[in-house]
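Listed below, chain by chain, are the residues.
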Amino acid sequence: MPQLITDNNLAVPDDYYALLTELYRELEPAQCQDVNARLLLLLGNHIGDMDVLAEAARIAREHLPAASTLAKDI
Amino acid sequence: MIKTYAFPTYPYVRSADQDSAAPVRRPVVIGGAGPIGMALAVDLALHDIPVVVLDDNNTVSVGSRAVCYAKRLLEIMDRLGVGERMMQKGVTWNVGKVFFEDDQVYSFNMLPESHHRRPGFINLQQYYVEQYLVERIGDLEQVDLRWKNKITALEQQDDGVLLSIDTPEGPYQLEADYLVACDGANSGIRALCGLGSSGQVFQDRFLIADVLMDPKRFPPERWFWFNPPFHNGQSTLLHRQPDNVWRIDFDLGWEADPEEEKKPENINARVRAFLGEDVEFELEWASVYTFCCRRMDDFRHGRVLFAGDAAHQVSPFGARGANSGVQDTDNLAWKLALVLKRQAPAALLDSYTRERLQAADENILNSTRSTDFITPKNDASRALRDAVLNLSRRYAFARSMVNSGRLSLPSVYADSSLNTADTEPFAGSMVPGAPSTDGPVQRNGQDDYLLSALGNDFNALWFIDHASLPDAADMAILAQLATQALPIKTRLVSPVALDIQLPAGVELLVDHLGVVAERFDARPGTFYLMRPDQHVCGRGRSFDPLRIQTMQGTATGH
């Protein structure tokens, strides 16, 4: 069964991070949410493996700060 | 308000049972003369079981209510004798279109593969379906349909149920071997049994407006709008019904005041905003509804059985209410008949719960997913939904995620204990537990369809050709199968017409296009055993009466 890769898998990780920050440049929060949603859908379809996607989704919800803490930070 | 349909009033008729000193005992009493209760009554009558149907009203459904009838329901209605009437009156449709904001983003064709008797869907007001069933019941001596009879109390006994019934002429009591509750989402019988139905209530309200308008205005298609400009960005669904009536469903949101929304001037304003100033229409019927997805834990409680919305309820997206309810009765009727005739143990009825619980869970899952797509629960879900719709304009992958209702398909009872597992390899979809597919055949030189030749009894399909004709000994076995206590009526399926003598209960079907053999992955010698509800019990590669008998035993809980 293919596993979610959690070691570095990118040739230049800084490039991908820069791609994402570029993505949000000059966007309103609602537009960022829209762009994020589109990106998730495109990437999920490309990966195409529900086990991998479910593992990524599980990790994404791990150790979330409590909602009240988040609200304070914003 | 409804101009296109004159509602029949069915008379209350005093039954001799009301004059009996002691409660009269009946094999089956059905509570509720809606589509589900009446389909069950007809089905039981076809199995020669006398039935009493009690309904607290005296007419058909007020309002169009369930309007989408899927292929499998039509096939069941064919078996019950009202399929053709439904087809004649109904609007056949195959095309669905999805709009996002101002644009069409997606179009789909429901047309199943060719060579089936019935289409993917028809639309028909529920009151027509009920009227046709009432009229069908009029032909059947075994069904005693009693209007204005309300069940007010019930008492479970070891071997039956004692019912107290109220009528315009006062109360009386009846005993039933079995009571079947087909009395809808707010089942009075369920309440009298002290039983619940649990699940998820959706915080949303929808308005149904049935409007009468020029038939040239919209084609007979299902059109669904997400975020349309004409309705404050909330979902809207348009469907055509017979009599030039269109069903329009408007999502109103949870905050809407149902009393305000029901006022004709407010409904007319919404419809006017949708259709435009220049389109003439008349309001036929309107309803504001909320919905939930829930089910009972078990559809059998002693001598009381539950079917349709009384047992399980889904949101309306995906046409799974009436369609699944009639599949419940399709499943239950033959089992109940065999138990009452003492040809099967009462435990066979537990397979009704198992098979139909699985179907209810499938329907609830699909319906919940559609509802979550149509009415997102938070900002992030809405962003995700709108992103799917935006991407669907250009990218095929996103179109397959657009979910305005995954339309109802019958369940495959793949894990049912009534099935016999394959011992030889087969390809295709006709696995044990699957509802039989259809295909064109010739019967006595006349064009017909396979499903018209199946049902009510156990049927064997035996695929032959002229190199593998059954001999006299085989024919004697087929004759014996057709006349035994629990008959198995064989259908010989041959690619060409054959001049052979057949015993009573055996019929030759000519698969002149080869479609049936292909769909069943059959070759000469292959056999299938079908239940009376046309689901596959088991199959094999060479006809073997002993295996067939064993399969039938397994399918009847022995």
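Residues numbered from 1 in each chain as written. Chains lettered and ligands numbered in written order. Predicted model: local features only at pLDDT ≥ 70, side-chain atom pairs only at ≥ 80, totals over all residues. Heavy atoms only, no water.

Enquirer: Looking at this structure, how should I read unusual backbone geometry?
Expert: For residues other than glycine, phi is negative in most cases, and the peptide bonds are mostly trans. All names here are of chain B. Unlike most non-glycine residues, Asp-48 shows phi in positive territory, near 70 degrees. Of note, Asp-48 is situated in the loop between α1 (35-46) and β2 (51-55). A positive phi angle is found at Gln-534, which is not glycine, with a value near 70 degrees. Tracing the chain through its elements places Gln-534 in the loop between β27 (527-530) and β28 (536-540). (Helix = DSSP H or I, 4+ residues; strand = E, 2+ residues; numbered from the N terminus.)

Enquirer: Help me out: how do you make sense of the domain arrangement of chain B in this one?
Expert: Interfaces are frequently sized by the accessible area removed from exposure as the parts join. All names here are of chain B. Structurally, chain B comprises domain 1 (16-89 + 123-199 + 293-366) and domain 2 (440-555). A separation of 31 Å is found between the C-alpha centroids of domain 1 and domain 2. Taken together, the contact pairs 14 residues of domain 1 with 11 residues of domain 2. Summing both partners gives a buried area of about 1000 Å² for domain 1 against domain 2, and 51% of it is carried by carbon and sulfur. On the domain 1 side of the contact with domain 2, Arg-79, Trp-334 and Gln-343 bury the most area, a combined 48% of that side's loss. In this structure, the connection of domain 1 to domain 2 is made through one salt bridge. Across the pair Glu-355 and Arg-531 runs a salt bridge whose closest N-O atoms are separated by 2.9 Å. Summed over the shared surface of domain 1 and domain 2, the result is six residue pairs in polar contact (both at pLDDT 80 or more). Sorting the residues of the side of domain 1 that touches domain 2 by element identifies α1, α2 (71-80), α8 (321-340) and α9 (348-374) as the ones contributing at least two each. Top element by residues in the side of domain 1 that touches domain 2 is α8. It accounts for five residues. (Domains from an automatic or database assignment. Contact = heavy atoms within 4.5 Å. Buried area = accessible area lost by both parts, 1.4 Å probe. Salt bridge = Lys/Arg side-chain N within 4 Å of Asp/Glu carboxyl O. Polar contact = N/O pair within 3.5 Å; in protein donor to acceptor, adjacent residues only side chain to side chain.)

Enquirer: For this particular structure, what's the right way to read the environment of Met-296 of chain B?
Expert: All names here are of chain B. For Met-296, the position within the fold is in the loop between β18 (292-295) and β19 (300-301). Judged by relative accessible area, Met-296 falls into the buried class, the value being 1%. Sequence separation of Met-296 and Gly-196 is 100 residues, and the distance between their C-alpha atoms is 6.3 Å. Not counting residues within four places of it along the chain, the set of residues in contact with Met-296 comprises Arg-190, Leu-195, Gly-196, Ser-197, His-301, Phe-306, Ala-310, Ala-311 and Leu-357. (Buried < 20%, exposed > 50% of the residue type's maximum accessible area, 1.4 Å probe, protein only.)

Enquirer: Sorry if this is basic, but what is going on with the packing of aromatic side chains here?
Expert: Note on aromatic pairs: each is described by the distance of the centres and the angle between the planes. All names here are of chain B. Scanning all chains against the criterion turns up 33 aromatic pairs over all chains. Where Phe-202 meets Phe-291, the ring centres are 5.6 Å apart and the plane angle is 45 degrees; that geometry is what we call tilted. Placement of the pair is Phe-202 in the loop between β12 (198-201) and β13 (206-213) and Phe-291 in the loop between β17 (281-289) and β18, with a sequence separation of 89 residues. Taking the centre distance of 5.9 Å and the plane angle of 70 degrees together, the rings of Phe-426 and Tyr-528 count as edge-to-face. In this pair, Phe-426 sits in the loop between α11 (396-399) and β22 (440-443) while Tyr-528 sits in strand β27, placing the two residues 102 residues apart along the sequence. Take Phe-426: its relative accessible area is 17%, and that puts it in the buried class. With relative accessibility at 0%, the residue Tyr-528 sits in the buried group. Members of the aromatic cluster, joined through ring pairs, are Phe-99, Phe-218, Trp-223, Trp-225, Phe-230, Phe-250 and Phe-274. Sitting over the ring of Phe-218, Arg-217 keeps its end group 4.7 Å from the ring centre. Here Arg-541 stacks its cationic end above the ring of Phe-426, 3.8 Å away from the centre of that ring. (Phe/Tyr/Trp six-rings, centres within 6.5 Å; stacked < 30°, edge-to-face > 60°. Lys NZ or Arg CZ within 6 Å of the ring centre and 35° of its normal.)

Enquirer: I keep staring at the nonpolar core and nothing clicks. Help me out?
Expert: Considering soluble globular proteins, one finds that nonpolar side chains tend to be buried as a cluster. All names here are of chain B. With 138 residues, the main nonpolar core has Ile-30, Met-77 and Met-86 as its most contacted residues. No other element matches α8, which puts nine residues into this core. Residue assignment places this core across two domains, with domain 1 (16-89 + 123-199 + 293-366) and domain 2 (440-555) each supplying three or more. Val-211, Met-213, Phe-281 and Val-288 belong to the second largest nonpolar core, which has 23 residues in total. (Core = buried A, V, L, I, M, F, W, Y, C linked by side-chain atoms within 4.5 Å.)

Enquirer: Got a minute to help me understand the interface of chain B and chain A in this structure?
Expert: Taken residue by residue, the interface counts 10 residues in chain B and seven residues in chain A. Of the roughly 810 Å² buried between chain B and chain A on both sides combined, carbon and sulfur atoms contribute 78%. The three residues of chain B that bury the most area against chain A are Leu-384, Leu-391 and Phe-397 of chain B, which together make up 49% of that side's buried surface. Where chain B touches chain A, the interface holds zero residue pairs in polar contact (both at pLDDT 80 or more). Among the elements that make up the side of chain B that touches chain A, the one with the highest residue count is helix α10 (residues 379-392) of chain B (eight residues). When grouped by side-chain class, the residues that make up the side of chain B that touches chain A number eight nonpolar, one polar and one charged. (Nonpolar A, V, L, I, M, F, W, Y, C, P; charged D, E, K, R; others polar.)

Enquirer: Explain the side chain of Asn-323 of chain B here, please?
Expert: Residue and element names in this part refer to chain B. Mapped onto the elements, Asn-323 comes out in helix α8. Relative accessible area serves as the criterion here: at 1%, Asn-323 is assigned to the buried category. A polar contact of 2.9 Å, which involves the side chain of Asn-323, links it to the backbone oxygen of Cys-68. Discounting chain neighbours no more than four positions away, the residues touching Asn-323 are Cys-68, Tyr-69, Ala-70, Leu-73 and Ser-408.

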